[in-house]
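Residue-level listing of the chains:
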Amino acid sequence: MSTQGTEDRLELLQGTLDLLILRTLIFGSQHGQGIARAIQQTSDEELLVEHGALYPALQRLEERGWISAKWGVSTNNRRARFYSLTSAGRKQLGKETAKWKRTAAAIERILGPEET
Amino acid sequence: MFRPKRKTSDFGAEIEAHIELETERLREQGLSHEDARTAARRAFGNVTRAQERFYESGRWLWWDDFWHDLRYALRMLRKQPAFTLVAILTLALGVGANVAIFSIVNAVLLRSLSYRDPGRLVRVSFNEPGLGLRDITFSKPELDDLATRADVFAQMSAIAGGNVAMTGVKQAERLELAVTGFDYFTMLGAVPELGRLYGPQDYDPGFSPYAVISDAFWRREFGGTPDVLGRTITLDGDPSTIVGVLAPGFHHPAVTAGNVDVWCPAGFSADPFPKPIRSNRGLNPGIVARLKPGLTLAQAQARLTSLAAQLRHDFPADYPVQAGWTIEIQPLQEFLVGNVRTMLLVLMAAVMLIVFIVSLNIANLILARASARQQEMAVRLALGASPGRMVRQALTESLLLSFIGGLAGCASAFATLGFILRFVPPSIPRLSEVRIDWVVLLFALLISILTGLVFGFVPALHSTKVALSSAIREGGRGSGYSTRTGRLRDVLIVSELAFAVVLMVGAGLLLRTLRDLLQQNPGFDPTQVVAANVWIPVPDDPKDDLYRSIAPKAAFDRELLRRMKAMPGVELAAITSDLPTSNHTVNDPQGNDVLAIEDRALESSKDLRAERIRVSPDYFKVMQSTLVAGRFFSEGDEDGKLPVVIIDETTARKYWPARDPLGRRVRFGQDPTQPWMTVVGIVKDIKSDGLDIDGVPHIYVSVYQNPNRAFSVVLRTSLPAAVLDSQIRHEIQSMDPGLPVFNVSSMNDVLDRSLASRRFSAQLVGGFAGLALLLASLGIYGLLAYMVSQRSREIGVRMALGAQRANILKLILQKGMVLAGVGVIAGVILSASTASMMASLLYGVRPHDPAVFLVVPLLLFAVAVVASYLPARRATKVDPMIALREA
């Protein structure tokens with residue numbers, strides 16, 4: 001299922017990946033693969049996260065101090081790097097969420113009600 | 001910001017973990033291991049790309065580039081050891097000179113004085129602008145007015161002192177004494193190292209019996225033992241109890257002959273001080289005060305000005321209208337260092353010019369290399385290097401060079417500062433505070449970066465402007481002295497020459513001043529003269545003073561001279577109150593006496609002054625000065641006989657311009673009961689106050705009629721001072737063991753010392769000018785030699801087509817001469833517009849001295865021609881066959 005129909009999925013808009021990562025981490029710390037899985041599942045497999053793009057994004061967020069990382073052991077006993085939200089990251093998530101909602105609402109208003 | 005960097009391998013491990021996790025998940029969904037792994041990889045996308053993005057996202061790239069550039073720069077420097085060595089050596093010299101001079105400027109001019117809240121300390125002076133007199137003596141009531149009526153000072157202290165004799169030790173010793181008020185230490189915020197410092201509770205109208213000593217004196221005289229407290233030393237015949245030792249960093253806020261050894265407080269109103277009467281202005285200038293909180297300098301000055309006006313109004317007899325007596329204050333720091341400011345700033349300018357010339361020279365060398373490396377640059381550009389990266393690379397190279405040079409400069413300055421300071425004239429105040437601190441290091445860093453930017457930026461920018469195709473092609477054919485590089489190098493050479501001219505003009509002016517001072521006739525012959533200073537103590541009670549009245553002093557003087565003359569090898573001996581050129585305080589107010597002239601109305605004689613010098617009869621013979629008219633003093637010019645004076649030509653010109661002064665009568669002071677003194681002789685001017693001071697009228701009186709306390713013995717002898725030293729001491733101290741004898745030296749050394757600061761600055765700037773000349777000529781030589789090597793093919797073609805060797809010679813020489821001409825003209829204009837800033841350092845030479853402004857350009861031009869001739873001659877040796885074949 002994960003390998004099929006990728007062409008139907010939505011490409012992520014520029015800059016939204018950061019927001020989604022922060023949002024995912026609000027439920028607790030998670031490793032990269034887990035974050036990618038969570039985004040895909042929560043979006044009902046609508047969003048495509050290119051796994052390769054995820055890691056530079058994580059790196060970027062870590063450098064800005066919004067998330068922190070340490071190596072740990074996953075549920076199935078594998079070593080993985082676990083990311084968790086910092087308080088700065090939590091604040092940033094609030095800001096980004098509000099901004100995204102305003103953008104989405106504005107675009108919604110421009111596109112108008114759609115009868116389909 | 002600077003968390004430890006995440007390693008690339010860590011990032012790789014994370015990606016590997018991801019793929020493992022994903023593979024596992026897919027296998028749980030029923031895929032085979034192989035398929036799952038492939039799918040996981042596909043979902044991940046391009047691993048290498050992700051790693052690249054990780055790499056680029058961080059500071060990794062910048063850091064890596066930096067290391068890469070640095071390693072590359074090091075490699076380039078190693079590949080050209082000659083260039084690197086020259087660059088680093090010249091830079092080390094330039095930066096080192098800057099660091100050394102700046103550490104002096106920093107300590108003397110920039111760092112604030114080491115007292116509590118030093119910005120609020122001022123120096124008070126009494127002036128009589130109407131008579132052209134500054135910082136005159138004052139009376140005790142005037143001192144009291146400052147304290148009680150002015151309402152501007154929180155604390156104040158008169159400062160006097162100078163010589164004092166310490167006796168009761170093995171041999172009478174001269175110490176440097178500071179006499180202060182009781183508030184002195186509180187005002188300055190000084191702390192003792194041992195014991196206590198005196199204060200207001202110790203008040204005494206005369207000298208208090210307490211003394212505070214310096215750390216250096218404590219160690220020298222008492223071996224640093226703590227039981228020095230309570231010990232008694234005998235100063236000028238009176239016992240003083242040591243109550244404290246000052247901390248080592250403390251400096252007395254006055255210009256003194258040497259470091260102060262002993263501080264004694266006094267009330268300045270009882271013996272041995274002059275009677276506290278307003279007209280009795282017997283206290284030496286030197287009042288330091290602390291402004292009341294909240295008062296600005298201008299407000300304080302305004303109050304003092306109105307106080308002076310009030311006093312002039314209240315006591316018209318003491319303050320004649322035409323004198324215009326005033327009270328003035330100036331910041332203490334300005335007072336202490338004001339006289340050396342110009343000299344230090346000129347030296348600073350000289351070293352900055354030098355480092356600038358050095359960096360221009362290096363820029364030129366780099367540019368020459370840049371032209372040679374044009375092909376390399378072009379290839380790198382063609383392979384996709386961005387212009388930004390190219391500039392960064394070039395700048396890294398220059399900055400690395402300047403840092404190494406700067407480091408070497410700092411190290412050499414650090415190692416040689418103590419040595420350099422020995423050449424710095426001790427007359428510069430605060431020298432003991434000179435050290436290399438963080439301000440100096442920061443300055444060194446700044447200078448290094450600036451020079452690195454200067455010699456790095458021009459070639460760096462140039463490197464990006466390479467026209468790709470032509471550079472690769474040209475580079476391949478090895479032909480080009482390209483116009484653009486050429487023009488840039490021309491500009492560098494011209495500015496280098498111009499700055500060299502400025503330095504050389506400055507050096508020329510200073511050296512001419514020094515030469516003029518050394519060559520002029522000082523009015524006496526300093527060779528074969530040995531001088532020794534003697535101090536006769538001033539006991540607190542005048543009754544204890546054996547030398548107070550004229551008769552015993554004259555007897556003492558005669559016996560002393562008899563003993564001096566009896567020493568083997570001594571021809572003649574004399575005494576003078578003012579040894580020529582050794583007087584530290586210019587315009588000595590003690591000697592600058594009010595004068596009355598008999599045939600002038602009393603009113604108009606109020607502004608007459610002359611310096612009074614007491615000498616024994618043979619003085620003029622010892623100094624071999626010339627008698628113009630009349631006679632010298634004789635043994636018969638003693639107390640009870642006709643009081644006589646000898647005047648110098650300046651006095652004659654000034655006070656008797658149209659008449660014969662011989663036989664006229666003068667009188668010192670304003671006391672009409674004093675007898676008139678008859679002019680019996682006129683001598684040629686003797687440069688008594690310093691070789692660079694003219695126009696001060698001197699009147700000589702006989703020491704037998706007018707004795708003095710501090711005096712110098714001068715001997716005409718062929719023996720060196722070192723041989724006579726102990727003999728002179730022995731003879732004088734066998735007459736009175738309480739008399740310290742000090743500074744026994746040849747008159748030539750005395751003269752030399754008086755020129756120390758001029759010699760220092762002239763030689764330093766002169767040395768730098770020589771260096772600038774060398775660098776500039778190397779610059780021209782390098783430029784032309786490079787041009788010849790680059791154009792050898794063209795020259796070969798020209799010669800093959802029939803050009804004569806003379807034509808080729810002319811071609812290259814012309815280039816050098818045009819450059820030199822433009823540089824010299826620019827330099828002359830620059831010097832002409834800045835030379836007047838040095839005016840106060842010059843004597844007998846105008847800032848726009850035609851000789852200097854003629855010789856310097858000619859010299860530089862001549863050197864430039866020689867420097868151009870060598871490469872030009874090489875150009876004529878080009879073999880057309882070889883040149884053409886190689887191309």
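Structure report, in brief. (Residues numbered from 1 in each chain as written. Chains lettered and ligands numbered in written order. Predicted model: local features only at pLDDT ≥ 70, side-chain atom pairs only at ≥ 80, totals over all residues. Heavy atoms only, no water.)

Here we take up the overall build of chain A. Helix and strand counts for chain A stand at 4 helices and 5 strands. Along chain A, from the amino end to the carboxyl end, the secondary structure elements read β-α-β-α-β-α-β-β-α. The buried share of chain A, reckoned over its 116 residues, is 41%. Put simply, 51% of the contacts in chain A that link residues at least 6 apart link residues at least 24 apart. In the structure as shown, chain A presents an accessible area of about 7,100 Å², 52% of it carried by carbon and sulfur atoms. (Helix = DSSP H or I, 4+ residues; strand = E, 2+ residues; numbered from the N terminus. Buried < 20%, exposed > 50% of the residue type's maximum accessible area, 1.4 Å probe, protein only. Contact = heavy atoms within 4.5 Å. Areas by Shrake-Rupley, 256 points an atom, 1.4 Å probe, with all protein chains shown as cover.)

Moving on, we get to the overall build of chain B. The secondary structure content of chain B amounts to 25 helices and 21 strands. Relative to the compact-globule value of 29 Å for 887 residues, chain B shows a C-alpha radius of gyration of 37 Å, a clear excess of over 25%. By its C-alpha atoms, chain B is 130 × 85 × 55 Å across when sized along the principal axes. Buried positions account for 51% of the 887 residues belonging to chain B. Contacts spanning at least 24 positions in sequence make up 81% of the contacts within chain B whose residues lie at least 6 apart. When the accessible area of chain B is evaluated, it comes to approximately 39,000 Å², of which 60% is carbon and sulfur surface. Seen as two clouds, the 93 positive and the 84 negative side-chain charges of chain B have centres 10 Å apart. (Rg over C-alpha atoms; globule rule 2.2 N^0.38 Å. Lys, Arg positive; Asp, Glu negative; His and termini not counted. Charge placed at Lys NZ, Arg CZ, Asp CG, Glu CD.)

Moving on: the packing of helix α22 (residues 792-800) of chain B against helix α23 (residues 805-834) of chain B. All names here are of chain B. α23 packs onto α22 with a crossing angle of 145 degrees between their chain directions and a minimal axis gap of 10 Å. Crossing hand, α22 versus α23: right-handed. Seen from α22, the contacting residues are Ile 795, Arg 798 and Met 799; seen from α23, they are Arg 805, Ile 808 and Leu 811. Taken together, the residues of the contact of α22 with α23 sort by class into 4 nonpolar, no polar and 2 charged. (Axes fitted to C-alpha atoms, helices over the stretch in contact; angles between N-to-C directions. Left-handed = near helix turned anticlockwise from the far one by under 90°. Nonpolar A, V, L, I, M, F, W, Y, C, P; charged D, E, K, R; others polar.)

For helix α1 (residues 16-25) of chain A, the tally of buried residues reaches 8 of 10 residues, placing the bulk of the element in the interior. For α1(A), the elements touching its buried residues are β2 (30-31), α2 (32-42), α3 (51-64), β4 (67-73), β5 (79-85) and α4 (87-111) of chain A.

All names here are of chain B. With respect to the helices, strands and loops of the structure, Leu 381 is situated in helix α11 (residues 374-382). The exposure class assigned to Leu 381 is buried, which follows from its relative accessible area of 16%. Here the alpha-carbon distance between Leu 381 and Leu 395, two residues 14 residues apart in the chain, equals 16 Å.

Attention now goes to a positive patch on the surface. Together, B:Arg71, B:Arg75, B:Arg78 and B:Lys79 line one region of the surface with positive charge. Structurally, B:Arg75 is set in helix α4 (residues 60-79). (Patch = residues over 30% accessible without salt bridge, like charges linked within 9 Å, V, L, I, M, F, W, Y side chains within 5 Å. Salt bridge = Lys/Arg side-chain N within 4 Å of Asp/Glu carboxyl O.)

Residues and elements named next belong to chain A. Relative orientation of the contacting elements α1 and α3 amounts to 75 degrees, with a least axis distance of 10 Å. Relative to α3, α1 is oriented roughly perpendicular. Here α1 contributes Leu 17, Asp 18, Ile 21 and Leu 22 to the contact with α3, which in turn contributes Ala 53, Leu 54, Ala 57, Leu 58, Arg 60, Leu 61 and Arg 64. Residue composition of the contact of α1 with α3, grouped by class: 8 nonpolar, no polar and 3 charged. (Parallel < 35°, antiparallel > 145°, perpendicular 65-115°, else oblique.)

This part is about the interface of chain B and chain A. Taken together, the contact between chain B and chain A spans 26 residues of the former and 24 residues of the latter. Buried surface at the junction of chain B and chain A, both sides included, amounts to about 2,300 Å², of which 52% is carbon and sulfur. The three residues of chain B that bury the most area against chain A are B:Glu14, B:His18 and B:Leu21, which together make up 25% of that side's buried surface. Counting across the interface, chain B meets chain A through 4 salt bridges. Among the ionic pairs, A:Arg78 bridges to B:Glu24, the shortest N-O distance being 2.7 Å. Where chain B meets chain A, there are 7 residue pairs in polar contact (both at pLDDT 80 or more). Breaking the side of chain B that touches chain A down by element, the ones donating at least two residues are α1 (8-28), α2 (33-44) and α3 (47-57) of chain B. For the side of chain B that touches chain A, the element with the highest residue contribution is α1(B), accounting for 12 residues. Along the lines of polarity and charge, the residues of the side of chain B that touches chain A split into 10 nonpolar, 6 polar and 10 charged. (Buried area = accessible area lost by both parts, 1.4 Å probe. Polar contact = N/O pair within 3.5 Å; in protein donor to acceptor, adjacent residues only side chain to side chain.)

Attention now moves to a nonpolar patch on the surface. Residue and element names in this part refer to chain B. The grouping of Phe 403, Trp 438, Leu 442, Leu 445, Ile 449, Leu 453 and Phe 457 at the surface amounts to a nonpolar patch, some 660 Å² of accessible area in total. Element by element, the count of residues in the nonpolar patch is highest for helix α13 (residues 438-464), at 6 residues. Mapping Ile 449 onto the fold places it in helix α13.

For B:Glu128, the location among the structural elements is in the loop between β1 (121-127) and α6 (140-148). With a relative accessible area of 5%, B:Glu128 lands in the buried category.

The next thing to look at is helix α16 (residues 550-566) of chain B. All names here are of chain B. Taking 1.5 Å per residue, 17 residues should reach 24 Å; α16 reaches 24 Å between its end C-alpha atoms and fits that length. All of the buried residues along α16 are Lys 553, Ala 554, Phe 556, Asp 557, Leu 560, Leu 561 and Met 564. Angularly, the buried residues of α16 cover 160 degrees about the axis, an arc narrow enough to put them on a single face. Residues Ala 551 and Ala 566 are exposed on α16 and point more than 90 degrees away from its buried face. At its buried positions, α16 is contacted by β12 (570-576), β20 (710-717) and α19 (721-735). (Expected span 1.5 Å × (residues − 1). Arc of directions from axis to C-beta.)

All names here are of chain B. Summed over all chains, the structure comprises 25 aromatic pairs over all chains. Seen in terms of ring centroids, Phe 126 and Phe 138 are 5.3 Å apart; in terms of plane orientation they differ by 45 degrees. Their pairing is tilted. Of this pair, Phe 126 sits in strand β1 while Phe 138 is found in the loop between β1 and α6, placing the two residues 12 residues apart along the sequence. For the pair formed by Phe 126 and Phe 138, the shared burial category is buried. Among the aromatic side chains, those forming a connected cluster through ring pairs are Tyr 115, Tyr 184, Phe 185, Tyr 198, Phe 250 and Trp 263. (Phe/Tyr/Trp six-rings, centres within 6.5 Å; stacked < 30°, edge-to-face > 60°.)

On to the nonpolar core, then. Considering soluble globular proteins, one finds that nonpolar side chains tend to be buried as a cluster. Residue and element names in this part refer to chain B. In terms of nonpolar packing, the biggest core is built from 126 residues, with Phe 185, Phe 250, Trp 263, Leu 344, Ile 362 and Leu 503 touching the most fellow members. Per-element tally for this core: the top contributor is helix α10 (residues 332-372), with 22 residues. Ignoring anything within four residues of it in the chain, the contact list for Phe 250 reads Tyr 115, Tyr 184, Phe 185, Leu 188, Ala 190 and Trp 263. (Core = buried A, V, L, I, M, F, W, Y, C linked by side-chain atoms within 4.5 Å.)

Our next topic: the pattern of salt bridges. On inspection of all chains with the given rule, the structure shows 48 salt bridges over all chains. With its nearest N and O atoms 3.6 Å apart, the salt bridge here joins B:Arg281 to B:Glu128. Pair noted here: B:Arg281 is in the loop between β8 (262-265) and β9 (287-291) and B:Glu128 is in the loop between β1 and α6, with a separation of 153 residues, a long-range link. In this structure, the salt-bridge partner of B:Lys684 is B:Glu649, at a minimum N-O distance of 3.8 Å. Note that B:Lys684 is positioned in the loop between β18 (677-683) and β19 (698-702) and B:Glu649 in helix α18 (residues 649-655), a separation of 35 residues in sequence. The exposure class of B:Glu649 is partly exposed, given its relative accessible area of 23%. Through salt bridges with shared partners, one network takes in A:Arg78, B:Glu16, B:Glu20, B:Glu24 and B:Arg37.

Turning our eyes to something else, we now look at the pairing of β18(B). Residue and element names in this part refer to chain B. In terms of burial, β18 is a largely internal element, 7 of the 7 residues being buried. Sheet topology note: the strand β15 (residues 627-630)/β18 ladder contains 3 bridges and is antiparallel. From the neighbouring strand, Leu 627 faces β18, where its bridge partner is Val 683. Here 2 bridges tie strand β17 (residues 665-668) to β18, and the two strands are oriented antiparallel to one another. Within β18, the residue paired with Val 666 across the bridge is Met 677. (Pairing = 2+ DSSP bridges.)

The next thing to look at is the sheet that holds β5(A). Residue and element names in this part refer to chain A. Ordered by their spatial adjacency, 3 strands build an open sheet running β2-β5-β4, and the pairing between neighbours is antiparallel. Lying at the two open borders of the sheet, with one neighbouring strand each, are β2 and β4. Taken together, the 2 bridges between β2 and β5 define a ladder with antiparallel strand orientation. Its bridge partner lying in β5, Gln 30 is registered against Tyr 83. Contacts from α1 reach β2, β4 and β5, with the element oriented near 95 degrees to β5.

All right, on to unusual backbone geometry then. All names here are of chain B. The omega angle of the peptide bond from Asp 271 to Pro 272 is 5 degrees, so this bond is cis rather than trans. When you line up the elements, Pro 272 lands in the loop between β8 and β9. Positive phi values are uncommon outside glycine, yet Phe 268 reaches one of about 65 degrees. Relative to the helices and strands, Phe 268 is located in the loop between β8 and β9. When its relative accessible area of 4% is taken as the criterion, Phe 268 is described as buried.

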